[in-house]
Amino acid sequence: MNTTNYSSSASLVKCSAPKSPDGGYAIEEYIFSVLAIFMNLSCPPIILLNALVIAAVATKRRLQSKHNILLASLAVTDLAVGVAAQPAFIAQEIHFLTGGPRYLTCISTASRIAYVGTICLCLGSCLHLALISVERFVAMKYPFRYESVVTKFRLTVAIAGSWLIILLYGIMLARIVPGLKVIPGQTQTLAIVCLLTISYCHISVYFVCRRHEVKIKSEQVSQEAKAKFLAERKAWKTTGFIIGCALICYSPGLLRAVAFYIFPDHTIRRIISRSIHLTMSSYMANSLCNPIIYCWRSREIREALKQLLLKKSTQLPS
């Protein structure tokens, strides 16, 4: 995930807008900005769907499993993307198209919110995905110890710790406190730790599932144990879809970084460098995919969202 190309270098200081050799803005800069604006017009459905997921888990007791609570916390980060990061990003891009300085290079409220918000919330998504993977790992590998290991108190501490990391990182990234700034490579390190945790948990759970499937086929387990395993496996697969979708949305940043070092040509590098508009938009697009996956994979969440929508529609004045 290439969210750190601008972590230290983009110090958000006063500057002039980048221009092509003929003195005007490069045409690809305009194209990338227009495409990025269209990509971020997804903020209304992102806000609606994630708000509904949060409300459903908060109000429906049957949905308040530990796995769903983690999904709801992830939905909070996605909701923040739609409420703050995407509108600020659109505002900054429109400001550029009307003659203002390029995105992420100059001091402005919109650029600060878009830049800091996007990177911090993407990092927050990675932290939550790591927590969800660990929760599934314990549920599948240690089913009899799950309740004693994954307690509500520990879950609350883990979620609060994730948000504290996001908050502190945002403060360092925005340089709100003098002298407190992001260390070069810090974001990459956190992202790699999250990725390794996710990979280890999912590979381990895969082999656990294979062993359980063999036992089920040989009828060596009770019907109750079989039903519980199938439910836990479905939740694990849902987590897998969420992680896979996140990797797809984050992959343009990785490809962009690799391409920048592969192609030495100045013109190609200039185009690749200015595609930051699209890669940042791709990161934020993941916030729309997550609630769609929740609804697709969980009939209970899907029905709860329908009930909330019908309830809201009946309350509207005719």
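Residues numbered from 1 in each chain as written. Predicted model: local features only at pLDDT ≥ 70, side-chain atom pairs only at ≥ 80, totals over all residues. Heavy atoms only, no water.

Draft legend 1. Region of interest: the packing of aromatic side chains. This structure, assessed with the given rule, holds five aromatic pairs. Residues F137 and Y142 carry aromatic rings whose centres are separated by 6.0 Å and whose planes lie at 80° to one another, so their mutual orientation is edge-to-face. An aromatic cluster of three or more residues is present, and its members are F137, Y142 and Y200. The lysine or arginine in question, R145, covers the ring of Y142, its NZ or CZ lying 5.3 Å from the ring centre. Cation over ring: R297 sits above W296, and NZ or CZ is 5.6 Å from the ring centre. (Phe/Tyr/Trp six-rings, centres within 6.5 Å; stacked < 30°, edge-to-face > 60°. Lys NZ or Arg CZ within 6 Å of the ring centre and 35° of its normal.)

Draft legend 2. Examining the nonpolar core more closely. Core analysis: the largest hydrophobic core is formed by 65 residues, its most contacted members being L129, Y169, L173, I242, Y294 and L305. The biggest single contributor to this core is helix α4 (residues 109–141), with 17 residues. Apart from the residues within four sequence positions on either side, Y294 is in contact with V53, L71, L74, A75, D78, I242 and I301. (Core = buried A, V, L, I, M, F, W, Y, C linked by side-chain atoms within 4.5 Å. Buried < 20%, exposed > 50% of the residue type's maximum accessible area, 1.4 Å probe, protein only. Helix = DSSP H or I, 4+ residues; strand = E, 2+ residues; numbered from the N terminus. Contact = heavy atoms within 4.5 Å.)

Draft legend 3. View of helix α3 (residues 66–97). Over its 32 residues, α3 runs 45 Å from end to end, which matches the ideal 46 Å to within 8%, given 1.5 Å per residue. Bending of α3 peaks at approximately 40° at the position of V81. (Expected span 1.5 Å × (residues − 1). Bend = angle between axes of the 7 residues up to and from the residue.)

Draft legend 4. Region of the structure containing helix α8 (residues 223–262). In a regular helix each residue adds 1.5 Å, so 40 residues correspond to 58 Å; α8 covers 55 Å between its end C-alpha atoms and thus fits that length. Within α8, the axis deviates most sharply at Y250, by approximately 40°, and proline P252 lies no more than four positions further along.

Draft legend 5. Spatial organisation of the pattern of salt bridges. In total, this model carries four salt bridges according to the counting rule given. Note that E147 is salt-bridged to K66, the shortest N-O span being 3.0 Å. Of this pair, E147 sits in helix α5 (residues 146–149) while K66 sits in helix α3, placing them 81 residues apart in sequence. Residue E303 pairs with K306 through a salt bridge whose shortest N-O separation is 3.9 Å. You can see E303 and its partner K306 sitting in helix α11 (residues 299–315), three residues apart, about one turn around the helix. (Salt bridge = Lys/Arg side-chain N within 4 Å of Asp/Glu carboxyl O.)

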